[in-house]
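# Structural features, examined
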Amino acid sequence: MSAMSKNPPEFARPRPSGWLIAGCLFSVYIIWGTTYFAIKVGIEGFPPFFLIGTRFLVAGGLLLAWQAIRRRPMPTARQWRGAALVGFLLLVVGNGGVAVAEHWVSSGATVALISIMPLGTALWSGAFGEWPRRLEWVAIAIGSVGAAVMLMGRDLQGSMTGTLVILLGITCWSLGTVLSRRLDIPHGPTGFGAEMLTAGVLALLVSAGLGEHWTLPHSEPVLIAWAYLVVFGSLIAFSAYRFVVERVSPNLAATYAYVNPPVALLVGWWLGKESFSANILFGLPIVLCAVALHAWIQARAPSSPAPRYGAPAVEARVLRS
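Numbers given for residues are sequential positions, taken from 1 along each chain in its written order. Per-residue local features are limited, in this predicted model, to residues with pLDDT of at least 70; the limit for side-chain atom pairs, both in listing and counting, is 80 or more; totals at the level of whole chains, interfaces and linings are taken over all residues. Only heavy atoms go into the side-chain values, all of them from the structure, while hydrogens and water stay out.

### As for the confidence of the model for the chain
The predicted coordinates ought not to be read in detail in places where the model reports low pLDDT. What counts, and what does not: The predictor attaches a confidence to each residue, called pLDDT, with possible values from 0 through 100. Note on definitions: a residue-residue contact is assigned when non-hydrogen atoms from the two residues lie within 4.5 Å.
Across the chain, the average pLDDT comes to 81, with 85% of residues at or above 70. Here residues 1-12 is a poorly scored stretch, pLDDT under 50, and it has 37 contacts once near neighbours within four places are set aside; other chains count. Scored below 50 in pLDDT, residues 304-321 shows 50 contacts in the model against residues more than four places distant or in partner chains.

Below, the structure written as structure tokens:
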């Protein structure tokens, strides 16, 4: 039986408070902006997929253990499959692609390119029958122009391999974001933990297949970066991101890709002494205008529950109108 097509419609709970949404977005905007530099430090001592695998295996295991202590039901076999697919797209290919690309591309330039994420999310949403509103397309277009300006700089043109890996990660991350609202995955921390745990296992399988060396580094900065990624990047920020996707809007959640770049550039320049071209400075204000417009559109939109797995596209359009 298909996990996407044979279930009756199920709709998310009422829209959470504005303060809770703002807190989650702050975590995704600011904390995730710092994790790109942490990944850059981490891969100095960890092979990329070993870093990803251990990070999410620990974070997912901790979150599910906490849910078990609270006597929350664990996922069914069907839900584990859905969580594994979303975890693979978001964390193994999406996040893993970032870790691999940062061998060739600076953390600031990497996250600058990721600012096109909302375009990918919007296109995948449209493929499933939920096209963005007219003004949302305007915001996406503005953000894309800013991304194009940054792409013309030396930062990304210097490594075509790194750029292509990032684009693959963007494609899979945006697809995983959209699918996560349509697959049978538990709500809340149980679902987030299942996605991280299965992604950790899959990333370690990829690591083994690629012949990466499974050795723990002795460098203190590398170990601190790994712990930071587990606690802040995974347990806090990833859970906040999935909460916004699940309870509010995947398009709003995707706006992290507009705000992370200035944070990542500042952290990379301050802690890592990274340099970047003028194209990054010209393109970033454009994408920040785009995120401001997108946030304004979302604030004006009437509250509507998100279609869960199996909900027909026509019902989703009615709910959005």
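### What to know about the packing of aromatic side chains
Note the threshold: Planes of paired rings set the category: under 30 degrees apart is stacked, over 60 is edge-to-face and the rest tilted, where pairs are Phe, Tyr or Trp rings (Trp by its six-membered ring) whose centres lie within 6.5 Å. Numbering of helices and strands starts at the N terminus; helices are DSSP runs of H or I of at least 4 residues and strands are runs of E of at least 2. Classification of residues uses two cut-offs on accessible area relative to the type maximum, computed with a 1.4 Å probe and protein chains only: under 20% is buried, over 50% is exposed, and between them is partly exposed.
Under the counting rule described, the total for this entry stands at seven aromatic pairs. With 5.6 Å between their ring centres and 70° between their planes, Trp32 and Trp173 make a pair best called edge-to-face. One end of the pair, Trp32, is in helix α1 (residues 18-42); the other, Trp173, is in helix α8 (residues 160-179), with 141 residues separating them in the sequence. Residue classification places Trp32 among the buried residues on the basis of a relative accessible area of 6%. Seen from their ring centres, Trp173 and Tyr241 are 5.4 Å apart, and the 50° between their planes marks the pair as tilted. Pair noted here: Trp173 is in helix α8 and Tyr241 is in helix α10 (residues 220-247), with a separation of 68 residues, a long-range link.

### A few points about the pattern of salt bridges
Quick note on the threshold: The salt bridge criterion pairs a side-chain nitrogen of Lys or Arg with a carboxyl oxygen of Asp or Glu, the two atoms within 4 Å.
Following the criterion strictly, the structure yields three salt bridges and no others. The partner of Asp184 in a salt bridge is Arg78, and the shortest N-O contact between them spans 3.3 Å. Taken together, the positions of Asp184 in the loop between α8 and α9 (188-209) and Arg78 in helix α3 (residues 77-101) put the pair 106 residues apart, joining distant regions of the chain. The same class applies to Asp184 and to Arg78, which are both buried. In this structure, the salt-bridge partner of Arg242 is Glu195, at a minimum N-O distance of 2.8 Å. Note that Arg242 is positioned in helix α10 and Glu195 in helix α9, a separation of 47 residues in sequence. The pair Arg242 / Glu195 is uniform in exposure class, with both members buried.

### Describing the side chain of Arg182
For clarity, the cut-off: Any pair of N or O atoms that falls within 3.5 Å is considered a polar contact. Within protein, one atom must be able to donate a hydrogen and the other to accept it, and sequence-neighbouring residues count only if both atoms are side-chain atoms.
Mapped onto the elements, Arg182 comes out in the loop between α8 and α9. For Arg182, the side chain forms a polar contact with the main-chain oxygen of Val178, separated by 3.1 Å.

### Regarding α1
Stated precisely, the cut-off is as follows: In this analysis, the expected span of each helix is defined as 1.5 Å times one less than the number of residues it contains. What the bend at a residue measures is the angle between two axes, fitted to the seven residues ending there and to the seven starting there.
Taking 1.5 Å per residue as the helical rise, α1 with its 25 residues ought to reach 36 Å, and the 35 Å between its terminal C-alpha atoms agrees with that figure. At Trp32, α1 shows its largest bend, some 25°.

### Points about a nonpolar patch on the surface
Stated formally: Like charges within 9 Å and nonpolar side chains (Val, Leu, Ile, Met, Phe, Trp, Tyr) within 5 Å are joined into patches, using only residues over 30% in relative accessible area that form no salt bridge. Using a 1.4 Å probe, accessible areas were evaluated by the Shrake-Rupley method; residue-level cover was limited to the displayed protein chains.
Taken together, Leu266, Trp269, Trp270 and Leu271 make up a surface patch of nonpolar side chains, about 500 Å² in accessible area. Summarising the element assignment, Trp270 is placed in helix α12 (residues 256-272). Since its relative accessible area comes to 56%, Trp270 is described here as exposed.

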